[in-house]
Amino acid sequence: MMLRRISERVSSSGFAKNWILKSSRFHGESLDSSVSPVLIPGVHVFHCQDAVGIVAKLSDCIAAKGGNILGYDVFVPENNNVFYSRSEFIFDPVKWPRNQVDQDFQTIAQTYGAMNSVVRVPSIDPKYKIALLLSKQDHCLVEMLHRWQDGKLPVDITCVISNHERASNTHVRRFLERHGIPYHYVSTTKENKREDEILEFVQDTDFLVLARYMQILSGNFLEGYGKDVINIHHGLLPSFKGGNPAKQAFDAGVKLIGATSHFVTEELDSGPIIEQMVESVSHRDNLRSFVQKSEDLEKKCLTKAIKSYCELRVLPYGTNKTVVF
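Residue positions are given per chain, counting from 1 as you read along its sequence in written order. Predicted model: local features are reported for residues with pLDDT of at least 70 only, side-chain atom pairs are reported and counted for 80 or more only, and whole-chain, interface and lining totals are derived from all residues. To get the side-chain values, take all heavy atoms of the structure and skip hydrogens and water.

A few words on the packing of helix H3 (residues 139-149) against helix H4 (residues 171-178). Where helices are involved, their axes are fitted lines through C-alpha atoms of the stretch in contact, as for all axes, and angles between N-to-C directions lie from 0 to 180°. A run of H or I in DSSP counts as a helix once it spans at least four residues, and a run of E counts as a strand once it spans at least two, with each numbered from the N terminus. Axis separation between H3 and H4 bottoms out at 11 Å; the angle between their running directions is 30°. In terms of axis orientation, H3 runs roughly parallel to H4. Relative to H4, H3 is oriented so that their crossing is left-handed. Contacts between H3 and H4 involve Leu-141, Val-142, Leu-145, His-146, Trp-148 and Gln-149 from the first element and His-171, Val-172, Phe-175 and Leu-176 from the second. Gly counts as polar in this scheme, as do all residues outside two lists: the nonpolar Ala, Val, Leu, Ile, Met, Phe, Trp, Tyr, Cys and Pro, and the charged Asp, Glu, Lys and Arg. For the contact of H3 with H4, the class distribution of residues is 7 nonpolar, 3 polar and no charged. The scheme is simple: roughly parallel for angles under 35 degrees, roughly antiparallel for over 145, roughly perpendicular for 65 to 115, oblique for anything else. A clockwise turn of the near helix away from the far one marks a right-handed crossing, whereas an anticlockwise turn of less than a right angle marks a left-handed crossing. Contacts: residue pairs with any heavy atoms within 4.5 Å of one another.

Now the structure itself:
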């Protein structure tokens, strides 16, 4: 595969003078006295059949409205006639209104028959609404709640759903109540997973996160929901299957453990991979330290995958792959 990175800054005449722009200026500092002080960042991702002139067309669209490109990533797979790009830019919303940004990029998308063309302006657009599903383990949920509280996870959490009850005096329930996040206990069995009830709770969300939810979602549920579902898996797929996978790997004497975040499909643990992380273990680890390392990887891997997804860094590639800028 071939990855083309374009680092030049774009002006109205194309790729020209290098503008050095510090990220601290994203949220309102002017570049000079002639530029509006209200410059805000935007992101655009594009996916279409490869053709000559796409980069020029996209960059000219931004430059023509007085915007400046801060970073540009392009991916064109070898021997595969497809084009992917992700651009970060700043613009003046007075000179280039938010709805006009969508319209201008949509015009280019129609020209090239794009499969995907999405714009996101974090300071204007609403945050993604998500619901979190989990079973007995809390470590991924707690990590996400803390990052959300610190403003490091750009989402709004609409609710938490679990097939294991938690007492009202537990730290998780107290945190959720304090922040007004509903907690739904949905007792499930092999015969009745109560997916219709869960669907009712998550209708007003943009995507779902399985934060160690130890239930298999049916094809009917995935079709009924109709949006992305992100899962965290306790290992490098494919890996040890069945109950207590950390102990299986520990007993096998492995020297490398991992975690995988992926999209959920009807086929178990086979969806497109978003993020994977690994860490070494050795004979000096006991089961307690082994499990701790495994859980730490799961937390980091899941939160990074969600952050990448919200920042429009994840694009579908082929039938079961992703491009992650």
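Now that the structure has been shown, the text picks up again.
The subject of this paragraph is the sheet that holds strand S12 (residues 229-233). Strand order across the open sheet formed by 7 strands is S10-S9-S8-S11-S12-S13-S14, with mixed pairing between neighbours. Looking at which strands have only one partner, the edges of the open sheet turn out to be strand S10 (183-185) and strand S14 (273-280). Looking at each pair of strands side by side, their axes are set apart by 20° on average, direction ignored. Only strands joined by at least two bridges in the DSSP assignment are considered to pair. Examined bridge by bridge, S12 and strand S13 (residues 256-263) share 4 bridges and lie antiparallel to one another. Counted as the bridge partner of Ile-232 is Ser-261 from S13. Here helix H5 (residues 195-202) sits on the sheet in contact with strand S8 (128-134), strand S9 (155-162), S10 and strand S11 (207-210), set at roughly 160° to S9.

This part takes up the environment of Gln-49. Relative to the helices and strands, Gln-49 resides in strand S4 (residues 40-49). Once residues lying within four places of it in the same chain are set aside, the contact partners of Gln-49 are Ile-54, Asn-81, Val-82, Phe-83 and Met-115. Polar contact is the term for a pair of N or O atoms within 3.5 Å; when the atoms are in protein, one must be able to donate a hydrogen and the other to accept it, and sequence-neighboring residues count only if both atoms are side-chain atoms. A polar side-chain atom of Gln-49 sits 3.5 Å from a polar atom in the side chain of Asn-81.

Moving on, we get to helix H1 (residues 54-64). Accessible area is worked out with a 1.4 Å probe on protein chains only. A residue is then buried under 20% of its type maximum, exposed over 50%, and partly exposed in between. Listed in full, the buried residues belonging to H1 are Ile-54, Val-55, Leu-58, Ser-59, Cys-61, Ile-62 and Ala-63. Once H1 finishes, Gly-66 follows within two positions and takes phi at roughly 85°, a positive value.

Moving on: the side chain of Glu-298. Here Glu-298 is to be found in helix H8 (residues 287-310). Those residues in contact with Glu-298, other than ones at most four positions away along the chain, are His-139, Cys-140, Arg-212, Ile-232, His-234 and Ala-259.

Two aromatic rings from Phe, Tyr or Trp, using only the six-membered ring of Trp, form a pair when their centres are within 6.5 Å; if the ring planes differ by under 30 degrees the pair is stacked, by over 60 it is edge-to-face, and anything between is tilted. Per the counting criterion, the structure on display carries 14 aromatic pairs. A connected cluster of aromatic rings, assembled from ring pairs, spans Phe-89, Phe-91, Trp-96 and Phe-105. Geometrically, a charge over a ring is one whose NZ (Lys) or CZ (Arg) sits within 6 Å of the ring centre while staying within 35 degrees of the ring normal. One Lys or Arg, Arg-120, reaches over the ring of Tyr-128 and ends 4.0 Å from the middle of that ring.

Our next topic: unusual backbone geometry. With phi around 75°, Arg-212 is a residue other than glycine that occupies positive phi space. Overall, Arg-212 belongs to the buried group, its relative accessible area being 8%. Its identity as a non-glycine residue notwithstanding, Leu-312 has a phi of 60°, on the positive side. Note on placement: Leu-312 falls in the loop between H8 and strand S15 (314-317).

Each reported salt bridge corresponds to a side-chain nitrogen of Lys or Arg within 4 Å of a carboxyl oxygen of Asp or Glu. Under the criterion given, the structure shown has 17 salt bridges. With a shortest N-O distance of 4.0 Å, Glu-177 and Arg-173 are connected by a salt bridge. Here the residue Glu-177 and the residue Arg-173 both occupy positions in helix H4, the gap between them amounting to 4 residues, near one helical turn. The class for Arg-173 is buried, based on a relative accessible area of 16%. Measuring nitrogen to oxygen at the nearest pair gives 2.7 Å for the salt bridge that ties Glu-197 to Arg-194.

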